[in-house]
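# Chain and residue survey
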Amino acid sequence: MSDTARGTSRRYGTRPTMKDVAARAGVGLKTVSRVVNGEPGVTPDTERRVQEAITALGFRRNDSARILRKGRTASIGLVLEDLADPFYGPLNRAVEEVARSHGALLINGSSAEDPAREQELVLALCARRVDGLVIIPAADDHRYLAPEIAAGIATVFVDRPAGRIDADVVLSDSFGGAQDAVAHLIAHGHRRIGFIGDQPRIHTAHERLRGYRTAMVAAGLPVDESWVSLGPTAPERVRSAATTMLAGPQPVTALFAGNNRVTVTAVRVLADHPRPVALVGFDDFELADLVNPAITVVAQDAARLGRTAAQLLFRRLDGADDAPRRMEIPTRLIPRGSGEIPPAES
């Protein structure tokens, strides 16, 4: 008969201890410790009784104290913007693989692009004594991390630099990628090109807008401010911005979308538009090559971003104490069809 059937209840959140094992096996704590840690000095019969007690109780060794004696917890934290965003899947996996190769556990969470939530999550991870942090920042002021870094928590920022502190950062070339995207549209005959991006306080949105403007200026083209829209990437906001740009007597003939969420909404808007409109999106996304026309994108190497950041983190944990590094990963323009549509007669 099970314990539940006998009327006893399991207390979740409590685990059997060495003391429980010792009591069940009828031995001392030191004997249990020797068996658990594979030390000599225990007779075969005693070891068998201890192992039977371990199995019966479901005991598992608590490595926390042993690890802390070494000064490490063998764990790192990863703070993402949004766990549901497909961009972060390969990045997360790459960080995890590097951590695993160093015998470390990865703990991750999402800031939901909220600076207060980011700080709460980061400090919670610090309180749990992670050895290091990989952060995709939502905040623009990271002075709250200065005491933690001074205390020895290695920290690497990804995708966006830290705010108001010096720290390692690994970035995609957002500026160069945006330049390439807009230059590509210009090369296909477009002169009125709209840009829809993320919130202006976000580093990547700012850099992609800068790349857009730089490419237009380099081609000697004016930028009508009605062709530029920055803000939340919610579908309603993006749809409204795109619809406005595509209306009127002088509509844009091409759109440059600042990230994959904007691109997906733009694809839906353009599917209902009466005239063909060119589209280039920043970030690749699933099925981008299967829609008609397939979507031309500026692809980031998210896995390389994550791998490079994690390798830099473990380099710090291994003792590297040189000045904070800024590493930039190149992007790649992938022409697939949507970015090669010529301007329609307006």
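Residues numbered from 1 in each chain as written. Predicted model: local features only at pLDDT ≥ 70, side-chain atom pairs only at ≥ 80, totals over all residues. Heavy atoms only, no water.

## Things to note about the pairing of strand β6 (residues 193-197)
Taken across its 5 residues, β6 has 5 buried, putting it largely inside the fold. Both faces of β6 are covered, namely the face carrying I193, F195 and G197 and the face carrying G194 and I196. When β6 meets strand β8 (residues 254-257), the two strands line up parallel, connected through 4 bridges. Counted as the bridge partner of I193 is A254 from β8. Inspection of the sheet shows β6 paired to strand β7 (residues 228-230) by 3 bridges, in the parallel sense. Bridge pairing in β7 links F195 to V228. A crossover connection joins β6 to the parallel β7 through helix α9 (residues 203-218); in handedness this β-α-β unit is right-handed. (Buried < 20%, exposed > 50% of the residue type's maximum accessible area, 1.4 Å probe, protein only. Helix = DSSP H or I, 4+ residues; strand = E, 2+ residues; numbered from the N terminus. Pairing = 2+ DSSP bridges. Right-handed = clockwise from strand over helix to strand, strands pointing away.)

## Here we look at the sheet that holds strand β9 (residues 278-282)
Judged by pairing direction, the sheet is mixed, and its 6 strands sit side by side in the order β7-β6-β8-β9-β10-β12 without closing on themselves. Here the strands that pair on one side only, and so sit at the sheet edges, are β7 and β12 (332-334). In this sheet, neighbouring strand axes are inclined to one another by 15° on average, regardless of whether the strands run parallel or antiparallel. (Axes fitted to C-alpha atoms, helices over the stretch in contact; angles between N-to-C directions.)

## Some remarks on the pairing of strand β10 (residues 296-299)
Here β10 shows a buried face lined by T296 and V298 and a second buried face lined by V297 and A299. Here β9 pairs with β10 via 3 bridges, running parallel. Paired with V280 across the bridge in β10 is T296. Two strands pair when backbone bridges link them, and β10 and β12 are joined in this way by 3 bridges, in the antiparallel orientation. When the bridges of β12 are listed, V297 appears paired with I334.

## Topic: the packing of helix α1 (residues 18-25) against helix α2 (residues 29-36)
One can describe the packing of α1 onto α2 by two numbers: an axis separation of 9 Å at closest approach and a directional angle of 105°. In terms of orientation, α1 and α2 fall into the roughly perpendicular class. Along its contact with α1, which presents M18, K19, V21 and A22, the element α2 presents L29, V32, S33 and V36. Partitioned by chemical class, the residues of the contact of α1 with α2 number 6 nonpolar, 1 polar and 1 charged. (Parallel < 35°, antiparallel > 145°, perpendicular 65-115°, else oblique. Contact = heavy atoms within 4.5 Å. Nonpolar A, V, L, I, M, F, W, Y, C, P; charged D, E, K, R; others polar.)

## Topic: the nonpolar core
One finds V182, I193, I196, Y212, M216, L255 and F256 to be the most contacted residues of the largest nonpolar core, which totals 42 residues. For this core, the elements supplying multiple residues, two or more each, are α8 (174-187), β6, α9, α10 (235-245), β8, α11 (260-271), β9 and β10. Looking at this core, the element that brings in the most residues is α8, giving 5 residues. Among all residues touching V182, those that are not within four sequence positions of it are I193, Y212, A215, M216 and F256. By size, the runner-up hydrophobic cluster in this structure holds 26 residues, among which are A104, V158, L312 and L313. (Core = buried A, V, L, I, M, F, W, Y, C linked by side-chain atoms within 4.5 Å.)

## Description of the pattern of salt bridges
One pass over the structure, following the stated rule, counts 17 salt bridges. Note that R48 is salt-bridged to D45, the shortest N-O span being 2.6 Å. On the criterion of helical spacing, the pair formed by R48 and D45 is a turn pair, its members being 3 residues apart in helix α3 (residues 44-57). Residue R48 is classed as partly exposed on the basis of its relative accessible area, which comes to 40%. A relative accessible area of 40% places D45 in the partly exposed class. One salt bridge connects E225 with R213, and the closest N-O pair in it is separated by 3.0 Å. On the criterion of sequence distance, the pair formed by E225 in the loop between α9 and β7 and R213 in helix α9 is long-range, its members being 12 residues apart. (Salt bridge = Lys/Arg side-chain N within 4 Å of Asp/Glu carboxyl O.)

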